[in-house]
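# Structural overview for review
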Amino acid sequence: MTKVSLDGQVAVITGGARGVGELLARKMSARGARIALLGLEPELLKQVSGRLHTESDWWHVDVTDHEAMARVAEEVKQRFGKVDIVVANAGVAAGGPFMDSDPVAWRRVIEVNLIGGAVTGRAFLPVLAESRGYFLQIASLAAITPAPMMTAYCASKSGVEAFAHSLRAEVGHKGVRVGVGYLSWTDTDMVRGADQDDVMRELRQRLPWPSNRTYPLGPAVDRIVAGIERRSAHVYAQWWLRGMQSVRGYLPGLIATVGQREMRRFEPRLGSVRRGLVGAGGEADEAARRGATERDESVTA
């Protein structure tokens with residue numbers, strides 16, 4: 001597939017303050033792309049933007065707010081003149097047994113990961129149609145295979161995968177390419193946060209190779225950048241994920257059998273699993289929502 005030079009391209013990255021989004025911004029900027037960073041951590045976004053090699057800017061916005069995202073999309077176009085690439089990367093996670101899960105945190109995972117991806121697409125597709133650009137939805141190994149203790153995350157990532165595949169059929173005739181990015185466990189704040197819980201860490205370590213490893217961030221993001229340059233329909237951050245596609249039909253039954261055995265093993269310790277969002281990104285999301293609630297209450301008081 002022909003590679004498209006990133007030099008002079010305008011790329012929007014949600015969740016750009018840390019992890020995959022932050023390193024993706026740096027690597028794309030090093031290849032000449034101009035960068036618009038979106039997220040909930042203004043100080044970090046400002047710092048990331050200030051370290052980039054090319055023209056960049058940042059917007060403090062919640063990807064689940066369709067009115068705010070529509071406004072940001074217009075501002076980004078005014079600031080840079082166009083948008084060529086949008087990476088819907090923002091995401092949060094929560095673990096633990098569904099029956100005892102925090103309903104607010106569970107719902108927030110769906111809202112940020114699935115609804116946020118769709119809101120991002122809705123906001124930026126008009127400008128991508130003008131540039132005949134590329135929309136990359138970041139999914140996960142969790143879209144390919146179910147996993148116990150990850151109901152919200154697996155549901156959200158399966159959802160964004162289906163959303164992106166459906167969208168590809170709708171907008172291809174307009175010249176817009178749509179891709180899905182798949183990552184296994186990658187060394188980010190989210191994964192490190194999940195690993196702070198003993199049960200979640202041990203459960204993951206008992207997965208079959210190679211899905212029981214944590215992979216370095218740099219090579220994973222290099223593969224994502226290469227996929228963006230090729231406007232790929234499927235982008236695999238770890239080499240072996242491509243092979244999972246051919247066996248995914250067998251995985252629900254396999255996971256159901258093995259998962260029951262593992263859940264029985266961990267049953268006495270399940271009460272200790274943290275119920276909220278995990279990692280520094282999860283903490284930032286919770287803080288932003290608390291701040292928004294306090295502002296709303298002060299206005300109505």
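Look above for the structure.
For clarity, every value in this text was computed on a predicted model and none was experimentally measured.

## Remarks on the packing of aromatic side chains
Scanning the entire structure with this criterion turns up three aromatic pairs. Look at Phe98 and Trp106: their rings are 5.6 Å apart centre to centre, the planes differ by 65°, and that puts the pair in the edge-to-face class. Accessibility expressed as a relative area gives 25% for Trp106, which makes it partly exposed. With 5.3 Å between their ring centres and 15° between their planes, Tyr182 and Tyr236 make a pair best called stacked.

## Side note on the pattern of salt bridges
What the rule picks out here adds up to 26 salt bridges. Put simply, Glu22 and Arg51 hold a salt bridge, and the shortest N to O gap is 3.7 Å. With a gap of 29 residues between them, Glu22 in helix 1 (residues 19-30) and Arg51 in helix 2 (residues 42-51) connect regions that are remote in the sequence. Two residues, Asp285 and Arg108, come together in a salt bridge whose shortest N-O distance is 2.8 Å. One end of the pair, Asp285, is in helix 12 (residues 279-300); the other, Arg108, is in helix 4 (residues 103-131), and 177 residues separate them in sequence. Arg108 sits in the buried class, given a relative accessible area of 4%. Here the salt bridges do not stand alone but share partners, grouping Asp62, Arg107, Arg108, Glu111, Asp285 and Arg289 into one network.

## Some thoughts on the nonpolar core
Leu38, Val76 and Phe124 are the most contacted members of the largest nonpolar core, which totals 66 residues. For this core, the element with the highest residue contribution is helix 4, accounting for nine residues. Among residues more than four places away in sequence, those in contact with Leu38 are Val12, Ile13, Thr14, Gly15, Gly16, Leu45, Trp59, Val61, Met69, Val72 and Phe124. Judged by nonpolar contacts, the second largest core, of 29 residues, contains Leu6, Leu23, Tyr134 and Ile228.

## Re helix 4
In a regular helix each residue adds 1.5 Å, so 29 residues correspond to 42 Å; helix 4 covers 40 Å between its end C-alpha atoms and thus fits that length. In the structure, helix 4 departs most strongly from a straight axis at Phe124, where the bend amounts to approximately 50° and where the proline Pro126 lies between one and four residues downstream. Put simply, Asp102 is the residue that caps the front of helix 4, since its side-chain oxygen is 3.0 Å from the backbone nitrogen of Val104. Remark: Arg132 follows helix 4 within two positions and exhibits a positive phi of approximately 50°.

## Some thoughts on the sheet that holds strand 3 (residues 56-60)
Strand order across the open sheet formed by seven strands is 3-2-1-4-5-6-7, with parallel pairing between neighbours. Pairing within the sheet leaves two strands with one partner each, and these edge strands are strand 3 and strand 7 (234-236). For this sheet, the mean angle separating the axes of adjacent strands, direction not counted, is 15°. Bridge count between strand 5 (residues 134-138) and strand 6 (residues 177-182): five bridges; the pairing is parallel. Looking across to strand 6, one finds that Tyr134 is bridged to Arg177. Sheet strands touched by helix 1: strand 1 (10-14), strand 2 (34-39) and strand 4 (85-88). Its angle to strand 1, the strand with the most contacts, is close to 170°.

## What about the environment of Leu38?
Examined against the element boundaries, Leu38 turns out to sit in strand 2. Of the residues examined, Leu38 reaches a relative accessible area of 0% and is grouped as buried. Distance in space between the C-alpha atoms of Leu38 and Ala90 is 8.7 Å, their sequence separation being 52 residues.

## A short note on the packing of helix 3 (residues 66-80) against helix 4
Between helix 3 and helix 4, whose axes approach to 8 Å, the crossing angle comes to 25°. Classified by the angle between their axes, helix 3 and helix 4 sit roughly parallel to one another. Our pair here, helix 3 against helix 4, has a crossing hand that is right-handed. Here helix 3 contributes His66, Met69, Ala70, Val72, Ala73, Val76 and Lys77 to the contact with helix 4, which in turn contributes Val119, Thr120, Ala123, Phe124, Val127 and Glu130. Each residue belonging to the contact of helix 3 with helix 4 can be placed in one class, and the counts come to nine nonpolar, two polar and two charged.

## Quick look at the packing of helix 1 against helix 9 (residues 217-229)
One can describe the packing of helix 1 onto helix 9 by two numbers: an axis separation of 10 Å at closest approach and a directional angle of 60°. It follows from the interaxial angle that helix 1 and helix 9 lie oblique. Helix 1 and helix 9 meet at a crossing whose hand is right-handed. Across the interface between the two elements, Gly19, Val20, Leu23, Leu24, Lys27 and Met28 from helix 1 touch Leu217, Gly218, Val221, Asp222, Ile224, Val225 and Ile228 from helix 9.

## Details of the environment of Ala90
Assignment of secondary structure puts Ala90 in the loop between strand 4 and helix 4. A sequence separation of 47 residues divides Ala90 from Gln137, and the C-alpha atoms of the two residues are 9.6 Å apart. Among residues more than four places away in sequence, those in contact with Ala90 are Thr14, Gly15, Val63, Val112 and Asn113.

Rules of the game
Residues numbered from 1 in each chain as written. Predicted model: local features only at pLDDT ≥ 70, side-chain atom pairs only at ≥ 80, totals over all residues. Heavy atoms only, no water. Phe/Tyr/Trp six-rings, centres within 6.5 Å; stacked < 30°, edge-to-face > 60°. Buried < 20%, exposed > 50% of the residue type's maximum accessible area, 1.4 Å probe, protein only. Salt bridge = Lys/Arg side-chain N within 4 Å of Asp/Glu carboxyl O. Helix = DSSP H or I, 4+ residues; strand = E, 2+ residues; numbered from the N terminus. Core = buried A, V, L, I, M, F, W, Y, C linked by side-chain atoms within 4.5 Å. Contact = heavy atoms within 4.5 Å. Expected span 1.5 Å × (residues − 1). Bend = angle between axes of the 7 residues up to and from the residue. Polar contact = N/O pair within 3.5 Å; in protein donor to acceptor, adjacent residues only side chain to side chain. Pairing = 2+ DSSP bridges. Axes fitted to C-alpha atoms, helices over the stretch in contact; angles between N-to-C directions. Parallel < 35°, antiparallel > 145°, perpendicular 65-115°, else oblique. Left-handed = near helix turned anticlockwise from the far one by under 90°. Nonpolar A, V, L, I, M, F, W, Y, C, P; charged D, E, K, R; others polar.

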